[in-house]
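Structural characterization, general
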Amino acid sequence: MKRPRFLYLLPLLAVAPASAQRAHDSAAPVDIAADHSLLDDKAKRAILSGNVEVRQAELTVRAERATLAYTGQVVDGDPQIDRIDASGGVTITRPDQRATSRYAVYDLNRRTILLLGGVVLTQGQNVTRGERITLDLGASTAQLEAAPGERVTGRFSVPKRADAPPAADAKAP
């Protein structure tokens, strides 16, 4: 059985402020903080654990654990990171946007973030839920998928209109 899919643009329904509508700068430096770190130069990775926070420009990834894979190239004394794998209560935030899941993979070269497991994507009062989401930071799109046999769900706000009828539960004067 084919899984249902739902494609929509980020920012959701074009309600984000202009600052959130800019494409993410995946070439910006990556800053990290964690309770513990292990650098495995032979495997070309750094393993972070405990209250992990990874920041790049306006994007922040928080998790209990993260592995940063790097290419082996060093520019100005810094290893070049090309992938971040995060697990354990993953939260990704950008201005006016928040995504949570159990796992996430940020591919810096492809400029995509894959979130897996109980995904909740929130922007303002708009909320969507599914099992898997692929965020394309370059195109500002997101593709949300449900688990087999499930459906993608969501709730989106509707702007107030001057010509809108009164709410059904409103009492007439």
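Just so it is clear, the structure is predicted and the values come from calculations on it, not from any experiment.

It is worth spelling out unusual backbone geometry at this point. Glycine aside, the phi torsion of most residues is negative, and most peptide linkages are trans. With a phi close to 50°, N51 is a non-glycine residue in the positive phi region. Among the structural elements, N51 can be located in strand β4 (residues 45-56). The residue A57 is not glycine, and still its phi comes out positive at about 50°. Its relative accessible area of 45% is what places A57 among the partly exposed residues.

Of note, N126 is situated in strand β9 (residues 126-136). The spatial distance from the C-alpha of N126 to the C-alpha of G154 is 7.4 Å, given a sequence separation of 28 residues. Of the polar contacts made by the side chain of N126, one reaches the backbone nitrogen of S157; its length is 2.6 Å.

Enumeration over the complete set of coordinates arrives at eight salt bridges. In this structure, R102 engages E131 in a salt bridge whose closest nitrogen and oxygen atoms are separated by 3.6 Å. Highlighted residues: R102 in strand β7 (residues 97-107) and E131 in strand β9, separated in sequence by 29 residues. We classify R102 as partly exposed; its relative accessible area is 44%. Under the relative-accessibility criterion, E131 is labelled partly exposed at 29%. R110 serves as the salt-bridge partner of D107, at 3.6 Å between the closest nitrogen and oxygen.

This paragraph deals with the confidence of the model for the protein chain. Note: predicted coordinates in regions of low pLDDT should not be interpreted at a detailed level. For the protein chain, the average pLDDT comes to 82, and 82% of its residues sit at 70 or higher. Considering each helix and strand of the protein chain separately, the mean pLDDT is smallest for strand β1 (residues 5-9), with a value of 38, and largest for β4, with 96. Residue range residues 1-21 is modelled with pLDDT below 50. Its contacts to residues more than four positions away, or to other chains, number 53 contacts.

This part covers the layout of surface pockets. Considering only enclosed or pocket space, the largest pocket measures out at about 470 Å³ in volume. Forming the boundary of the largest pocket are 22 residues, of which V30, D78, P79, Q80 and I81 lie nearest the centre. Every element with two or more residues in the lining of the largest pocket is listed here: β2 (30-33), β3 (36-40), β4, β5 (59-75) and β6 (78-94). Broken down by element, the lining of the largest pocket gets its largest block of residues, five residues, from β6. Residues belonging to the lining of the largest pocket are distributed by class as follows: 14 nonpolar, six polar and two charged.

Rules used in this analysis
Residues numbered from 1 in each chain as written. Predicted model: local features only at pLDDT ≥ 70, side-chain atom pairs only at ≥ 80, totals over all residues. Heavy atoms only, no water. Helix = DSSP H or I, 4+ residues; strand = E, 2+ residues; numbered from the N terminus. Buried < 20%, exposed > 50% of the residue type's maximum accessible area, 1.4 Å probe, protein only. Polar contact = N/O pair within 3.5 Å; in protein donor to acceptor, adjacent residues only side chain to side chain. Salt bridge = Lys/Arg side-chain N within 4 Å of Asp/Glu carboxyl O. pLDDT = per-residue confidence, 0-100. Contact = heavy atoms within 4.5 Å. 1 Å grid on protein atoms, 1.4 Å probe; cavity = no way out; pocket = protein on both sides within 12 Å on 5 of 7 lines; lining within 4 Å. Points joined across faces, edges and corners; volume = space filled by probe spheres on them. Nonpolar A, V, L, I, M, F, W, Y, C, P; charged D, E, K, R; others polar.

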